[in-house]
Amino acid sequence: PGPMADIEEAAHNVHSFFKKHKIRTEHSSSALKYEFNVRVHSVHINPEVKLKNPEWQWVVVWTRGAKVAATHYAKCKQTGSGYDASWQQYLSLLGTVFKEKDGSFMKKDCKFVLKQMKTDNKTHVSLGRVKLNLSEYIIVDRAETVLELRLRDSKKKAVGTMSITLSCRHLPNYSRDTGTLATGMSEVR
């Protein structure tokens, strides 16, 4: 016993706590900055879903923590198989991804929410949402993955689908202080 033994035991306890709770330490993973790009193609809502008002417009909101990107408004069209809207719009968010020593990436969740908006932009109803782990799609830079995502309501009931294309780009020279690449090009669109 003695002060050195107490310090060693405290260090061991802290290390065990971090490991047990899967908390990153400076030495366990490396932080990499990525630009994630999504092209929102279209949304289909099943016919049994009750719309607040068919005249209201739709918007897709993409969130990652406090970061938010959204499409412009689109009118939905009633079809024999439900309701459809299309955008063909690009959205972009920056994110830090942690790469473990074994080469795997830590989970990086994001959420897409389809909202029906009144034209006053104050009233909205969430029609459906889907969560996605972005780290599963970190592959070759700029490689595109086409996804058909199932939208669910707040009770987890399937209400429709959303079609997107997802790609990412590693930003090795990104400067956190300035929000730009070392070359001076801004990456936030």
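Reading guide: rules and limits
Residues numbered from 1 in each chain as written. Predicted model: local features only at pLDDT ≥ 70, side-chain atom pairs only at ≥ 80, totals over all residues. Heavy atoms only, no water. Salt bridge = Lys/Arg side-chain N within 4 Å of Asp/Glu carboxyl O. Helix = DSSP H or I, 4+ residues; strand = E, 2+ residues; numbered from the N terminus. Buried < 20%, exposed > 50% of the residue type's maximum accessible area, 1.4 Å probe, protein only. Phe/Tyr/Trp six-rings, centres within 6.5 Å; stacked < 30°, edge-to-face > 60°. Patch = residues over 30% accessible without salt bridge, like charges linked within 9 Å, V, L, I, M, F, W, Y side chains within 5 Å. Areas by Shrake-Rupley, 256 points an atom, 1.4 Å probe, with all protein chains shown as cover. Lys, Arg positive; Asp, Glu negative; His and termini not counted. Charge placed at Lys NZ, Arg CZ, Asp CG, Glu CD. Contact = heavy atoms within 4.5 Å.

Asks: Run through the pattern of salt bridges, naming residues and quoting values.
Replies: Pairing between side chains of opposite charge can happen when the charged atoms of each approach one another. Per the stated rule, a full pass over the model turns up three salt bridges. A salt bridge links E35 to R169, with the nearest nitrogen and oxygen atoms 3.2 Å apart. Of this pair, E35 sits in strand β1 (residues 29-45) while R169 sits in strand β10 (residues 158-170), and the two are 134 residues apart along the sequence. On the basis of relative accessibility, which here comes to 15%, the residue R169 falls in the buried class. Measuring nitrogen to oxygen at the nearest pair gives 3.9 Å for the salt bridge that ties K75 to E55. Here K75 is found in strand β4 (residues 74-75), whereas its partner E55 is found in the loop between β1 and β2 (57-64), with 20 residues between them in sequence. Residue class for K75 comes out partly exposed when judged on its relative accessible area of 48%. We classify E55 as exposed; its relative accessible area is 52%.

Asks: Which residues make up the packing of aromatic side chains, and what values do they have?
Replies: In total, this model carries three aromatic pairs according to the counting rule given. With centroids separated by 5.5 Å and ring planes inclined at 10°, the aromatic side chains of W62 and F112 adopt a geometry described as stacked. Taken together, the positions of W62 in strand β2 and F112 in strand β7 (residues 109-117) put the pair 50 residues apart, joining distant regions of the chain. Assessed through its relative accessible area of 0%, W62 is described here as buried. An aromatic cluster is present here, built from Y34, F36 and F105 joined pairwise through their rings.

Asks: Could you give me a rundown of a positive patch on the surface, with the residues and numbers involved?
Replies: Residues K111, R129, K131, R150, R152 and K156 make up a contiguous surface patch of positive charge. When contributions to the positive patch are tallied by element, the ones reaching two or more residues are β8 (124-133) and β9 (145-152). When you line up the elements, R150 lands in strand β9. With relative accessibility at 48%, the residue R150 sits in the partly exposed group.

Asks: For the side chain of S167, give the residues involved together with the corresponding values.
Replies: Tracing the backbone shows S167 in strand β10. Classification of S167 by relative accessible area gives buried; the value is 12%. Not counting the four nearest positions on each side in its chain, S167 is found in contact with E35, F36, N37, R142, A143 and E144.

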